[in-house]
Amino acid sequence: MSFAADGARTTWRKVTRAELDKILDSHAKFASGRAGGQRANLGSYDLSYLDLSGKNLSNAELSGSRMANCNMKGAKLMAASLFSADLRKADLTGADLTRVDLRGACLRGANLTNALMMESDLRDGILLKADSKGNLTTMSFDMTVADASAAILRGANMSQARMSNRSEEHTSELQSH
């Protein structure tokens, strides 16, 4: 649990390995067009420290999720929504992040070596939620919005990725292939 800048309490839902496996199995059916499949909706879940390496999460909803220190080596996340996700120190080595919505995501210390990030959106963004009175409040991970400082992007393909001026400052020395 964390507190947003305005003092509102922000909670993330924990998921058991059994629940996650069921969600991932259903999503695999969805991704392959098989009957009984359902798009994974893991927005606002706490997936920190979990092993999602090699998993297909293409088109998954992961907005506002906590994925700090998550192992996602070789994961397929094409067109997934990671809007305002906490990806601090996540291992995304060789992951496919093509057309992923990473607006407002924190990538501080994430390993994106050889990741495919073509047409990804890395601009600033803020996730809002309604409080008990119906007012919109900012969800916060106690981080700098859209921060890619100290992210490892060696060999990452960022062709046609969209970045705000702030992100470009941190990534200006990168080589895109």
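Predicted model, so just to flag it, every value in this text is computed and none were measured.

**Points about the environment of Val-15**
And then number 1: Structurally, Val-15 can be placed in the loop between β3 (13-14) and α1 (17-32).
And then number 2: When the C-alpha atoms of Val-15 and Tyr-45 are compared, they prove to be 7.2 Å apart, with 30 residues separating the residues in sequence.
And then number 3: Excluding residues within four positions of it along the chain, Val-15 makes contact with Leu-20, Tyr-45, Asp-46, Leu-47 and Leu-50.

**Here's the deal with the nonpolar core**
And then number 1: Counting residues in each nonpolar core, the largest one holds 38 residues, and the members touching the most others are Met-67, Met-72, Leu-77, Leu-87, Leu-97, Leu-112 and Met-117.
And then number 2: The residues touching Met-72, leaving out its near neighbours within four places in the chain, are Leu-52, Ser-53, Met-67, Leu-77, Leu-87, Ala-90, Asp-91, Leu-92 and Ala-95.

**Details of the pattern of salt bridges**
And then number 1: Taken as a whole and judged by the stated rule, the model has 9 salt bridges.
And then number 2: With a closest N to O distance of 2.6 Å, Arg-103 and Asp-101 form a salt bridge.
And then number 3: For Asp-101, a relative accessible area of 18% corresponds to the buried category.
And then number 4: Each of Asp-101, Arg-103, Asp-121 and Arg-123 takes part in a single network of salt bridges with overlapping partners.

**Details of the confidence of the model for the protein chain**
And then number 1: With 73% of its residues at a pLDDT of at least 70, the protein chain reaches an overall mean of 81.
And then number 2: Taken element by element, the protein chain is modelled with least confidence in strand β1 (residues 2-3), mean pLDDT 36, and with most confidence in strand β4 (residues 45-46), mean pLDDT 96.
And then number 3: Across residues 142-146, where pLDDT falls below 50, the model places 16 contacts with residues more than four positions away in sequence or in other chains.
And then number 4: Of the regions scoring below 50 in pLDDT, residues 166-177 engages in 19 contacts with residues more than four places distant in sequence or in other chains.

**Looking at unusual backbone geometry**
And then number 1: Phi is positive for Asn-59, close to 65°, though the residue is something other than glycine.
And then number 2: Relative to the elements of secondary structure, Asn-59 occurs in the loop between β4 and β5 (121-122).

**Section: the side chain of Asp-121**
And then number 1: In this structure, Asp-121 sits in strand β5.
And then number 2: For Asp-121, a relative accessible area of 4% corresponds to the buried category.
And then number 3: Setting aside anything within four residues of it in sequence, one finds Asp-121 in contact with Val-100, Asp-101, Leu-102, Arg-103 and Arg-162.

Reading guide: rules and limits
- Residues numbered from 1 in each chain as written.
- Predicted model: local features only at pLDDT ≥ 70, side-chain atom pairs only at ≥ 80, totals over all residues.
- Heavy atoms only, no water.
- Helix = DSSP H or I, 4+ residues; strand = E, 2+ residues; numbered from the N terminus.
- Contact = heavy atoms within 4.5 Å.
- Core = buried A, V, L, I, M, F, W, Y, C linked by side-chain atoms within 4.5 Å.
- Buried < 20%, exposed > 50% of the residue type's maximum accessible area, 1.4 Å probe, protein only.
- Salt bridge = Lys/Arg side-chain N within 4 Å of Asp/Glu carboxyl O.
- pLDDT = per-residue confidence, 0-100.

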